[in-house]
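# Structure assessment
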Amino acid sequence: MRVRSFAVVGFGLVAVLLAGGCQRGGPVIPGSPAAPSAAGAAAAGTVVRSLTVDGRERSYRAHAPAAGGVDLPVMIVLHGGGGNGELTERQTGFSELADEAGFLAVYPDGTARAGGRLLTWNAGNCCGFARDNDIDDVAFIGALLDDLAERYPVDLDRVGVTGLSNGAMMSYRIGCELSARVAIIAPVAGAMNVDGCQPTRPVAVLAIHGTADDNVPYAGGRSTGRGVGTENDRADQSVAYAIQFWAEHNACGATPEAEGVDGPGGPVPGGTVGPGGPWVPEPSAVPDGTVIRTTYSGCARGADVVLYSVGGGGHAWPGGTKIRPRADDAPDAPDATRVIWEFLASHS
């Protein structure tokens, strides 16, 4: 196991498959152009769209890069419990990066009771209205991909799904149930709480999780926090559980590579080998303010499994904007938005 100075590397481009159909429509944000068909270049800017899935009207925001273009990779970004696509666009900064790097950034909305504003995703044992009403959010994401393919000139071999908290949990579920349609999933501060996960092929996974997260604990169990979106009746799986599942499913090598930044007391130490599972850093092995990246490589179809353990990090999007007063502060590193895009850009 090697520990060396931390570095994020940019890469080339990625993979997936899609198709389908549903009802469409929706308002365009004032000042933003309407999206073109897939036959032409994408008009720049953010638009709001709607479509009907299972008799329910659903909505999403889509941001096409300023330079337009064709064969655009797709990054779907799922909000946390109680959030929405508009807040997530501001929180993560994916739209600004889309303008720079040239991809389509998409921010779907979850569901709530009539007139409600606390939107959630049905991600297994979480959360809220979507879980309690058994909303088929997997079908919604599938229909969304079909809708994007008709409206934008997207490259359907380069689709990633990421999200925060409840959205991260939903990204795990997408990996389990829509593995043939996504190249990567990238959960941030979320647990894999899906029973009977059966992906039909390897999916590259990049997880980011703070060691001091008390809403979705790094080591699993019940939340001890009082932050937005907390549900204390829920017990979460550990980060190690998710990493072990995907490393085994993707037939990765048994020995990971560990990379870290220098901490306050010198180089970040290595982690420990957990009994019966793959290596993930123990929280005590990640000093506050440092990051350890653990990589399982040699995987089937090149589907690496990567974990960023953020020392002292709470329930937040690292490198992002704090959008609610009660939310945890976002650590400066890693720059989750850029790291996730580069991960999508490197997998095929």
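Presented here is an overview of the structure given in this document. (Residues numbered from 1 in each chain as written. Predicted model: local features only at pLDDT ≥ 70, side-chain atom pairs only at ≥ 80, totals over all residues. Heavy atoms only, no water.)

## Things to note about the pattern of salt bridges
- Overall, the coordinates contain 11 salt bridges when judged by the stated rule.
- Linking Glu89 and Arg61 is a salt bridge whose minimum nitrogen-to-oxygen distance equals 2.9 Å. Taken as a pair, Glu89 in helix α1 (residues 85–92) and Arg61 in strand β3 (residues 56–64) lie far apart in primary sequence, 28 residues in all. By the burial criterion, Glu89 is buried, and Arg61 matches it. (Salt bridge = Lys/Arg side-chain N within 4 Å of Asp/Glu carboxyl O. Helix = DSSP H or I, 4+ residues; strand = E, 2+ residues; numbered from the N terminus. Buried < 20%, exposed > 50% of the residue type's maximum accessible area, 1.4 Å probe, protein only.)

## Digging into unusual backbone geometry
- Each neighbour pair has its own omega, and for Cys126 with Cys127 the value is 15°, a cis peptide bond.
- By the element assignment, Cys127 lies in the loop between β5 (104–108) and α3 (128–132).
- With an omega of -5°, the peptide bond running from Ala333 to Pro334 counts as cis.
- Within the secondary structure, Pro334 sits in the loop between β15 (305–310) and α7 (336–345).
- Despite not being glycine, Asp134 has its phi angle at roughly 50°, a positive value.
- Counting through the fold element by element, Asp134 comes out in the loop between α3 and α4 (137–151).
- The exposure class of Asp134 is exposed, given its relative accessible area of 60%.
- With phi around 55°, Ala189 is a residue other than glycine that occupies positive phi space.

## A few points about helix α5 (residues 166–177)
- A rise of 1.5 Å per residue sets the reference length of α5, with its 12 residues, at 16 Å; its end C-alpha atoms lie 17 Å apart and thus fit the reference within 8%.
- In terms of burial, α5 is a largely internal element, 11 of the 12 residues being buried.
- Listed as buried for α5 are Asn166, Gly167, Ala168, Met169, Met170, Ser171, Tyr172, Arg173, Ile174, Gly175 and Cys176. (Expected span 1.5 Å × (residues − 1).)

## Some words on the environment of Tyr107
- Inspection of the secondary structure puts Tyr107 in strand β5.
- Residue class for Tyr107 comes out buried when judged on its relative accessible area of 0%.
- When the C-alpha positions of Tyr107 and Tyr60 are compared, they lie 5.5 Å apart, and in sequence the two are 47 residues distant.
- Within the structure, the side chain of Tyr107 is placed 2.8 Å from the side chain of Ser95, a separation counted as a polar contact. (Polar contact = N/O pair within 3.5 Å; in protein donor to acceptor, adjacent residues only side chain to side chain.)

## A look at the pairing of β3
- Taken together, the nine bridges between strand β2 (residues 45–53) and β3 define a ladder with antiparallel strand orientation. Bridged to Val53 within β3 is Arg56.
- The hairpin turn running from β2 into β3, its antiparallel successor, is two residues long, and Asp54 in that turn takes a positive phi close to 55°.
- As paired elements, β3 and β5 share four bridges and run antiparallel to each other. Among the inter-strand pairings, Tyr60 is bridged to a residue of β5, identified as Pro108. (Pairing = 2+ DSSP bridges.)

## Description of the nonpolar core
- The biggest cluster of nonpolar side chains holds 55 residues, and the ones touching the most others in it are Ile76, Leu104, Val106 and Trp246.
- A per-element tally of this core places α4 first, with seven residues.
- If sequence neighbours within four positions are ignored, Trp246 has contacts with Tyr172, Gly175, Cys176, Ile185, Met192, Cys197, Pro199, Val203, Val205 and Val305.
- Grouped together as the second largest cluster of nonpolar side chains are 30 residues, Val77, Ile208, Leu344 and Ala345 included. (Core = buried A, V, L, I, M, F, W, Y, C linked by side-chain atoms within 4.5 Å. Contact = heavy atoms within 4.5 Å.)

Purely geometric numbers; function is a separate question.
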